[in-house]
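Each chain, written out:
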Amino acid sequence: MHEMGVAMQIIEIATASIPEDMKGARVERINLKVGKLSAIVPDSLGFCFEIAAKETQLEGAELVIEEIPVTARCKDCDNEWTIDSPVFSCSRCQSGSIELLSGRELDIDSIEVKED
Ligand SMILES: [Zn+2]
């Protein structure tokens, strides 16, 4: 499953980004930005994360997923718009020469850690 690999990557990155002197702290929340083109199903990722986080420092942490819409810019007329259908041509001039501005994100935005 695609999401399981992603969940394990998130755990790896999150664990590595916790400062050395906070290794005993508990991770409360991971805020994630996921572009709609990344083909991630948020519910499914949350489920995989829960399983993969067991017996790690991230066990019990909440995964908060913010979905980033797909936006594009037309190279011919400079039009910028949000793509909400699988049609990848300019919404104004129908040009197929477009550049994706967002929608492929898969980033950890922030990690909230609780110190005892
Ligand atoms: Zn255009």
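Everything in this summary refers to the structure shown in the same document.

Conventions we followed
- Residues numbered from 1 in each chain as written.
- Predicted model: local features only at pLDDT ≥ 70, side-chain atom pairs only at ≥ 80, totals over all residues.
- Pairing = 2+ DSSP bridges.
- Helix = DSSP H or I, 4+ residues; strand = E, 2+ residues; numbered from the N terminus.
- Axes fitted to C-alpha atoms, helices over the stretch in contact; angles between N-to-C directions.
- Contact = placed C-beta atoms within 7 Å.
- Buried ≥ 20, exposed ≤ 12 C-beta atoms within 10 Å, placed from the backbone.
- Arc of directions from axis to C-beta.
- Right-handed = clockwise from strand over helix to strand, strands pointing away.
- Parallel < 35°, antiparallel > 145°, perpendicular 65-115°, else oblique.
- Left-handed = near helix turned anticlockwise from the far one by under 90°.
- Nonpolar A, V, L, I, M, F, W, Y, C, P; charged D, E, K, R; others polar.

Moving on, we come to the sheet that holds strand 6 (residues 106-114). As summarised here, the arrangement of the three strands in space is 2-1-6, forming an open sheet in which the pairing is mixed. In this open sheet, the two strands that pair with only one neighbour each are strand 2 (62-68) and strand 6. Geometrically, the sheet is characterised by an average inter-axis angle of 15° between neighbouring strands, direction not taken into account. Of the strands in this sheet, strand 1 (26-35) and strand 6 are in contact with helix 1 (residues 2-17), which crosses strand 6 at around 50°. Contacts between helix 2 (residues 42-52) and the sheet are confined to strand 1 and strand 2, with strand 2 contributing the most and set at about 155° to the helix.

Our focus in this paragraph is helix 2. All buried positions along helix 2 are accounted for by L45, C48, F49 and A52. Burial along helix 2 is one-sided: seen end-on, the buried residues are contained in an arc of 105°. In helix 2, the exposed positions angled more than 90 degrees off the buried face are occupied by D43 and I51. Buried-residue contacts for helix 2 involve helix 1 and strand 2.

Inspection of the sheet shows strand 1 paired to strand 6 by eight bridges, in the antiparallel sense. Bridging from a neighbouring strand, K33 pairs with D107 of strand 6. Direction of pairing for strand 1 relative to strand 2: parallel, over a ladder of seven bridges. Residue G35 lies in a different strand from strand 2, and its bridge partner there is I68. Of the crossover connections in this fold, the one passing from strand 1 over helix 2 to the parallel strand 2 is right-handed.

Once that is clear, we can look at the packing of helix 1 against helix 2. One way to put it is that helix 1 packs onto helix 2 with a least axis distance of 8 Å and a crossing angle of 55°. Between helix 1 and helix 2, the angle falls in the class oblique. Here the hand of the crossing between helix 1 and helix 2 comes out right-handed. For the pair helix 1 and helix 2, the contacting residues are E3, M4, V6, A7, M8, I10 and I11 in the first and S44, L45, C48, F49 and A52 in the second. Grouping the amino acids of the contact of helix 1 with helix 2 by side-chain chemistry returns ten nonpolar, one polar and one charged.

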